[in-house]
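The residues making up each chain are set out below.
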Amino acid sequence: MTVDPLRLEDFRPQTSLRVPSHDVRRPKFPVVDAHNHLGPAFGGDWAARPPAELMATLDEAGVETVVDLDGGQGEALSAEIERWQVAYPERVAVFAGLDYDGWAGNPDFGETEAARLRDSAARGARGLKVWKLLGLRARDPAGRLVAVDDPRLDPLWVAAAELDLPVVIHIADPIAFFEPMDPTNERWEELLANPDWHFWPTRPASEPSAPGFPPFDELLAAFERLVARHSRTTFVGAHVGCAAEDLRFVGRLLDENPNLNVDIAARLGELGRQPYSARAFFLRHADRILFGVDTAPDPEIYAIHYRFLETLDESFDYDTAPVPGQGRWQIHGIGLPDDVLRKVYRDNARRILRLGQP
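Residues numbered from 1 in each chain as written. Predicted model: local features only at pLDDT ≥ 70, side-chain atom pairs only at ≥ 80, totals over all residues. Heavy atoms only, no water.

## Let's talk about the overall build of the chain
Using the following cut-off: A run of DSSP states H or I qualifies as a helix once it reaches four residues; a run of E qualifies as a strand once it reaches two. Both are numbered from the N-terminal end. As defined in this context, the radius of gyration uses C-alpha atoms, and a globule is described by 2.2 Å times the residue total to the power 0.38. Here's how the labels work: a residue is buried when its accessible area is under 20% of the maximum for its type, exposed when over 50%, partly exposed in between, all with a 1.4 Å probe on protein chains only. Here a residue-residue contact requires only that any non-hydrogen atoms of the pair lie within 4.5 Å. In these tables, accessible area is a Shrake-Rupley quantity obtained with a 1.4 Å probe, and a residue counts as shielded only by the protein chains included in the view. His is not counted, nor are the chain ends; Lys and Arg add positive charge and Asp and Glu add negative charge. Note that the charge is assigned to NZ on lysines, CZ on arginines, CG on aspartates and CD on glutamates.
Helices and strands together make up the secondary structure of the chain, namely 13 helices and 8 strands. By the compact-globule yardstick of 21 Å for 358 residues, the chain fits well, its C-alpha radius of gyration being 20 Å. C-alpha atoms of the chain, sized along the principal axes, occupy 70 × 50 × 40 Å. Across the 358 residues that make up the chain, the buried fraction comes to 53%. Residue pairs in contact within the chain that sit at least 24 positions apart in sequence constitute 75% of those at least 6 positions apart. If you sum the accessible surface of the chain, you get close to 16000 Å²; carbon and sulfur atoms cover 53% of it. Of the charged side chains in the chain, 39 are positive and 57 negative, and the gap between their average positions amounts to 3 Å.

Encoded structure:
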């Protein structure tokens, strides 16, 4: 029999498993989506649609509050707050951001950002979002990369503590993004489609001035030093502390740093392929994990997350695309007990993000 060659991009395997399957359209408990984007840059078309449509979508999915990380600063922040938080104060919490481009021309960028954070708090921001430009792309006036734990940013972290504003911080991407684009890279298709996500070549840790990007482990070490040095500041490590492939490392950080928490945004693919480790991680750190999806609010996406957290279903897709975006594998549910679900879905976020208890 002659078989025509099949390109990887056309491969669409369908499982032959006959195992239980549950369609979890609504969560067991109300949900706070603590990591999302509603602004024009990342929020898809939600920035142009009537806010009432978002509320209807959240209601359908059982989401009582969503955190919008796209506030920015100044008048842009005020506009985002006016659009979402003023109109729906119990449904949307808007976070401020940083002006990374401005650091190159300002030797006092840490003090400047601290002052802007105080202004953002006065405007109504409910927290601060720090993006991976810190450590990977943002540069100081001398043209050097600003490290995650650069002491010049200490005034910013101190201000966040004084203002009692949590900091959602994203400082690294999946480990494969820091590895060569060769046949062994498990994110090859994703990086091919998004070449700007590939932080390669990396430079030796011993040569901070050399061309290239900091290695993954160097970024995580700097993150660990930052969280330990600012123990009064509440940090939420985005994307499972930016190390979803290494839950032992993240678990140790949580054990050693009471001011650190993590969200699960955009890491269902990683968590679900290690269900035994993931379930143990959730049970041990049930008070420190926040729910989030990091994709435009969509009942279909929420339902997949609920299925992962609430059931023991085996081998199902972790997103809605014909080919999963993060890698060609499937995930398995971790069937969390109700007391843990309640904390992860809602209680932790309301406490950590200072949302109150309506």
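Following the structure, the description resumes.
## Re the pattern of salt bridges
Just so we agree on the cut-off: For this analysis, a salt bridge means a side-chain nitrogen from Lys or Arg found within 4 Å of a carboxyl oxygen belonging to Asp or Glu.
Scanning the model with the defined rule gives 32 salt bridges in all. Residue glutamate 189 pairs with arginine 328 through a salt bridge whose shortest N-O separation is 2.7 Å. Here glutamate 189, found in helix α6 (residues 188–193), pairs with arginine 328, found in the loop between α12 (299–310) and α13 (338–352); they are 139 residues apart in sequence, far enough to count as distant. Looking at glutamate 189, the relative accessible area reads 29%, which means it is partly exposed. One salt bridge in this structure joins aspartate 313 and arginine 307, with 2.7 Å as the shortest N-O distance. Overall, aspartate 313 belongs to the buried group, its relative accessible area being 2%. Each of Glu186, Arg187, Glu190, Glu270 and Arg273 takes part in a single network of salt bridges with overlapping partners.

## Concerning the sheet that holds strand β4 (residues 128–130)
Note on sheets: strands pair through backbone hydrogen bonds, and any given pair is parallel or antiparallel. Worth spelling out the cut-off: A pair of strands is treated as paired once DSSP finds two or more bridges between them.
An order of β4-β5-β6-β7-β8 is seen for the 5 strands of this open sheet, with the pairing classed as parallel. Where the open sheet ends on each side, the last strands, each with one partner, are β4 and β8 (289–290). As paired elements, β4 and strand β5 (residues 167–169) share 3 bridges and run parallel to each other. Looking across to β5, one finds that lysine 129 is bridged to valine 168.

## Observations concerning a nonpolar patch on the surface
Cut-off, in case you're wondering: A patch consists of residues whose relative accessible area exceeds 30% and which take part in no salt bridge; residues with like charges are grouped when within 9 Å of each other, and nonpolar side chains (Val, Leu, Ile, Met, Phe, Trp, Tyr) when within 5 Å.
A contiguous nonpolar surface patch, about 290 Å² in accessible area, is contributed by Leu6, Leu8 and Phe11. Secondary-structure assignment places leucine 6 in the segment before β1 (31–36).

## Some details on the pairing of strand β7 (residues 260–263)
Along β7, one buried face is formed by Leu260 and Val262 and the opposite face, lined by Asn261 and Asp263, is buried too. Pairing of strand β6 (residues 235–237) with β7 involves 3 bridges; the strand directions are parallel. Across the sheet, glycine 237 pairs through a bridge with valine 262, a residue of β7. The pairing of β7 with β8 spans 2 bridges and is parallel. Counterpart to aspartate 263 in the pairing with β8 is leucine 290.

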